[in-house]
Amino acid sequence: MSLTLQIPTVNDNLDDFDSLFQLWQKVNQDCSEVIFDFSKCWFLRPNAVAFLGGLIRLIESQCSKRITYKISNSNPQWV
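Residues numbered from 1 in each chain as written. Predicted model: local features only at pLDDT ≥ 70, side-chain atom pairs only at ≥ 80, totals over all residues. Heavy atoms only, no water.

Peer 1: For this particular structure, what's the right way to read helix H2 (residues 46-62)?
Peer 2: Think of an α-helix as 3.6 residues a turn; residues three or four steps apart then line up on the same face. Compared with an ideal rise of 1.5 Å per residue, which puts 17 residues at 24 Å, H2 spans 24 Å between its outermost C-alpha atoms and is within 8% of the ideal. Along H2, the positions that sit buried rather than exposed are Ala-48, Leu-52, Leu-55, Ile-56 and Ile-59. Along the long axis of H2, the arc covered by the buried residues comes to 95 degrees, so they all point the same way. Facing away from the buried side of H2 by more than 90 degrees, the exposed set consists of Pro-46, Ala-50, Arg-57, Ser-61 and Gln-62. Those residues of H2 that are buried are in contact with strand E1 (2-6), helix H1 (14-27), strand E2 (33-37) and strand E3 (66-70). (Helix = DSSP H or I, 4+ residues; strand = E, 2+ residues; numbered from the N terminus. Expected span 1.5 Å × (residues − 1). Buried < 20%, exposed > 50% of the residue type's maximum accessible area, 1.4 Å probe, protein only. Arc of directions from axis to C-beta. Contact = heavy atoms within 4.5 Å.)

Next up, the structure:
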């Protein structure tokens, strides 16, 4: 079973931080693979990049889950 995390566009608003923490909560679900889907992400602030990097490291260090990245070629300037 896999879990797809739809990564949104993230700026510095309170709603953006809430979106990031909701992603973290979803990672606790029972699954064998986590897919980071960036296809609807048009921009990430440095705080979002740091958060997602930490989330990926957490998954790698504490879980035996496979991590996959889905990146769209239609938005090449999103970071």
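Peer 1: Whenever I open this one, the packing of aromatic side chains confuses me. Can you help?
Peer 2: Two measures describe an aromatic ring pair: the distance that separates the ring centres and the angle between the ring planes. In this structure the tally under the stated criterion is two aromatic pairs. Residues Phe-21 and Phe-51 carry aromatic rings whose centres are separated by 5.5 Å and whose planes lie at 90 degrees to one another, so their mutual orientation is edge-to-face. Of this pair, Phe-21 sits in helix H1 while Phe-51 sits in helix H2, placing them 30 residues apart in sequence. The exposure class of Phe-21 is partly exposed, given its relative accessible area of 45%. (Phe/Tyr/Trp six-rings, centres within 6.5 Å; stacked < 30°, edge-to-face > 60°.)

Peer 1: I tried to follow the nonpolar core on my own but got confused; where do I start?
Peer 2: Looking at soluble globular proteins, one finds that nonpolar side chains tend to be buried together. Core analysis: the biggest nonpolar cluster contains 19 residues, and Leu-5, Ile-7, Phe-36, Leu-44 and Leu-52 have the highest contact counts within it. Going through the elements one at a time, E1, H1, E2 and H2 are the ones with two or more residues in this core. No other element matches H2, which puts five residues into this core. Filtering out sequence-adjacent residues up to four positions away, Phe-36 remains in contact with Leu-5, Ile-7, Leu-52, Leu-55, Ile-56, Ile-59, Ile-67, Thr-68, Tyr-69 and Lys-70. (Core = buried A, V, L, I, M, F, W, Y, C linked by side-chain atoms within 4.5 Å.)

Peer 1: What should I look at first to understand the sheet that holds E2 in this one?
Peer 2: Read from one edge to the other, the open sheet built from three strands follows the order E1-E2-E3, with strand pairing classed as parallel. Edge positions in the sheet fall to E1 and E3, since each has one partner strand and no second. In this sheet, adjacent strand axes meet at a mean angle of 20 degrees when their direction is disregarded. Pairing geometry for E1 and E2, over five bridges, is parallel. Within E2, the residue paired with Leu-3 across the bridge is Val-34. Across the sheet, H2 lies against E1, E2 and E3, angled at about 165 degrees from E2, the strand it touches most. (Pairing = 2+ DSSP bridges. Axes fitted to C-alpha atoms, helices over the stretch in contact; angles between N-to-C directions.)

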